[in-house]
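# Structure assessment
Residue strings, one per chain:
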Amino acid sequence: MYTQAIDIPQGPKDEVPRRPRSLREDEYEAEFDARVGRGEFVEPKDWMPEAYRRTLVRQISQHAHSEIVGMLPEGNWITRAPTLKRKAILLAKVQDEGGHGMYLYAAAETLGVSRDEMIEALHSGKAKYSSIFNYPTLAWADIGVIGWLVDGAAIMNQIPLCRCSYGPYARAMIRICKEESFHQRQGYDLLLTMMKGTAEQREMVQDAVDRWWWPSLMMFGPHDSDSTHSGDSSRWGIKRISNDELRQKFVDATVPQAKVLGVQLPDPELKWNEARGHWDFGPIDWQEFWNVVGGHGQCNRDRLADRVKAWADGAWVREAALAHADKQRHRDQLAA
Ligand code: FAQ
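Calculation rules
Residues numbered from 1 in each chain as written. Predicted model: local features only at pLDDT ≥ 70, side-chain atom pairs only at ≥ 80, totals over all residues. Heavy atoms only, no water. Near = heavy atom within 4 Å. Polar contact = N/O pair within 3.5 Å; in protein donor to acceptor, adjacent residues only side chain to side chain. Areas by Shrake-Rupley, 256 points an atom, 1.4 Å probe, with all protein chains shown as cover. Helix = DSSP H or I, 4+ residues; strand = E, 2+ residues; numbered from the N terminus. Disulfide = S-S within 2.5 Å. Buried < 20%, exposed > 50% of the residue type's maximum accessible area, 1.4 Å probe, protein only. Contact = heavy atoms within 4.5 Å. Axes fitted to C-alpha atoms, helices over the stretch in contact; angles between N-to-C directions. Parallel < 35°, antiparallel > 145°, perpendicular 65-115°, else oblique. Nonpolar A, V, L, I, M, F, W, Y, C, P; charged D, E, K, R; others polar. Left-handed = near helix turned anticlockwise from the far one by under 90°. Core = buried A, V, L, I, M, F, W, Y, C linked by side-chain atoms within 4.5 Å. Expected span 1.5 Å × (residues − 1).

## Considerations on the site of the ligand
- The ligand sits among 36 residues. The nearest are Lys128, Ser131, Ser227, His229 and Lys239.
- Within the side chain of Arg58, one N or O atom sits 2.9 Å away from an oxygen atom of the ligand.
- Within the contact set of the ligand, a nitrogen atom lies 3.3 Å away from a backbone nitrogen or oxygen of Met219.
- Contact with the protein chains covers 91% of the free accessible surface of the ligand, which is 1,100 Å².
- Of all the secondary-structure elements, those providing two or more residues to the shell around the ligand are helix 2 (50–69), helix 4 (84–109), helix 6 (140–158), helix 7 (167–195) and helix 11 (286–296).
- Among the elements that take part in the shell around the ligand, helix 2 stands out by supplying 6 residues, more than any other.

Take a look at the structure:
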């Protein structure tokens, strides 16, 4: 099953691939391609092309950062949840996101990158995290809409990752998807309750949907034609379904849910296309997307500052855990 062991990938005979390429490296690569082509998993100790390893470290660590930064907009509402039941659900959800971050950091560590390196890349702004978490949560309905739309988009993107070619990432995604599915349902349930409430509550839900719809569509990344990594990631079996295809699947799944809920999706061009068998939707504001990805969204600065502060405030916990582990090891050695 899923392991947290730190395994640095090496060649089949413990040889780290070097430039210029050797005949052996070509052979390894051909074997690697064939294996991926057969749909087999690549495991930490297996030989892999350096670019494959780097792509995985980039994607998995960014994914981990997204889960951790994603705790902030919702954590903001734990003390203001309207009932004990909703507070308990939200607490559990935010803790789950923290757990997802941990599984994903552990999966990235199997590729030979340390947790400290990944955290440093996040804190320095070198590493990205999902654009969606740079938008503010202004009202309680935002918590429901995050569950419905943001977790809904996350699941759509993450289900195919359960079949991605890198074993530790694929296995981590299985558990994460199960939990995300609960997250989405609790959000939808919260919104259904609000829609049965007062006119003000219904307005609050509609306002939240208006603000989160387009950013949720942006979560899937740029159009396929502008996606720098899609070619390699698809060839290597990391991406099984393209950014645009997943976005379309999400729109198709969400439109009927919006009808049941009784909210309008804020897109006048949303229209069923009989010939395509899909919903057509209006153009995405890519300038806004790249602005947010470039660090200039509404909350980018606050999010990073909060994470850096939380890391500094938690230093004593990490020190205490290390001291405890040392003591334990010492005791075990004495006992042996
Ligand atoms: N935000 O060539 P592509 C969640 C960047 S978890 C920011 O298409 P790729 C759970 C991309 O990194 C949400 N940057 O890239 C939750 C690249 O820049 P780089 C996170 C973005 O990797 C719910 C450049 O644009 N999920 O929500 C974004 O092939 C509720 C070119 O793009 C994952 O990370 C974006 N939206 O495809 C938690 C899933 N999109 O790195 C709390 C795993 C693209 O070269 C509450 N990741 N960029 O500097 C993936 O599936 C992929 O990485 C994509 C992007 C699909 C996100």
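## A look at the state of the cysteines
- By the definition in use, this model includes 0 disulfides.
- Free of any disulfide, Cys164 has its nearest cysteine sulfur in Cys162, 8.8 Å distant.

## A closer look at the side chain of Lys239
- Positionally, Lys239 belongs in the loop between helix 9 (230–235) and helix 10 (243–261).
- Within polar-contact distance, the side chain of Lys239 engages the side chain of Ser230 at 2.8 Å.
- Within the structure, Lys239 has its side chain in polar contact with the side chain of Asn243 (distance 2.8 Å).

## A closer look at the environment of Ser66
- Of note, Ser66 is situated in helix 2.
- Residue Ser66 is classed as buried on the basis of its relative accessible area, which comes to 11%.
- Measuring from C-alpha to C-alpha, the distance between Ser66 and Ser234 comes to 22 Å, with 168 residues separating the pair along the chain.
- Excluding its chain neighbours within four sequence positions, the residues that come into contact with Ser66 are Tyr129, Ser130 and Phe133.
- There is a polar contact of 2.8 Å between the side chain of Ser66 and the backbone oxygen of Gln62.

## Side note on the packing of helix 7 against helix 8 (residues 199–218)
- Across the interface, helix 7 lies against helix 8 with an axial gap of 8 Å and an inter-helix angle of 140 degrees. Taken together, the axes of helix 7 and helix 8 are oblique relative to one another. Residue-level contacts link Leu191, Met194 and Met195 of helix 7 to Gln201, Arg202, Met204 and Val205 of helix 8.
- Among the residues making up the contact of helix 7 with helix 8, the classes are represented as 5 nonpolar, 1 polar and 1 charged.

## Brief notes about the packing of helix 6 against helix 8
- Running from amino to carboxyl end, helix 6 crosses helix 8 at an angle of 35 degrees, the nearest separation of the two axes being 9 Å. Helix-helix and strand crossings are classified by hand; for helix 6 and helix 8 the assignment is right-handed. Across from Trp140, Ala141, Asp142, Val145, Ile146, Trp148, Leu149, Val150 and Ala153 in helix 6, the residues of helix 8 making contact are Met204, Val205, Ala208, Val209, Arg211, Trp212, Trp213 and Ser216.

## Comments concerning the side chain of Glu179
- Looking at the element boundaries, Glu179 is found in helix 7.
- Of the polar contacts made by the side chain of Glu179, one reaches the side chain of His100; its length is 2.6 Å.
- Those residues in contact with Glu179 that lie beyond four places of it in its chain are Asp96, His100 and Tyr103.

## Observations concerning the nonpolar core
- Core analysis: the biggest nonpolar cluster contains 81 residues, and Tyr52, Ile60, Trp148, Tyr166, Tyr169 and Trp212 have the highest contact counts within it.
- Residue contributions to this core peak at 11 residues, all from helix 7.
- With residues up to four places along the chain from it excluded, the contact list for Trp148 reads Gln184, Gly187, Tyr188, Leu191, Val209, Thr254, Gln257, Ala258, Leu261, Val263 and Leu265.

## Points about helix 10
- Taking 1.5 Å of rise per residue, the 19 residues of helix 10 would be expected to cover 27 Å, and the 26 Å separating its terminal C-alpha atoms lies within 8% of that figure.
- After helix 10 finishes, the residue Gly262 shows a positive phi value of roughly 90 degrees.

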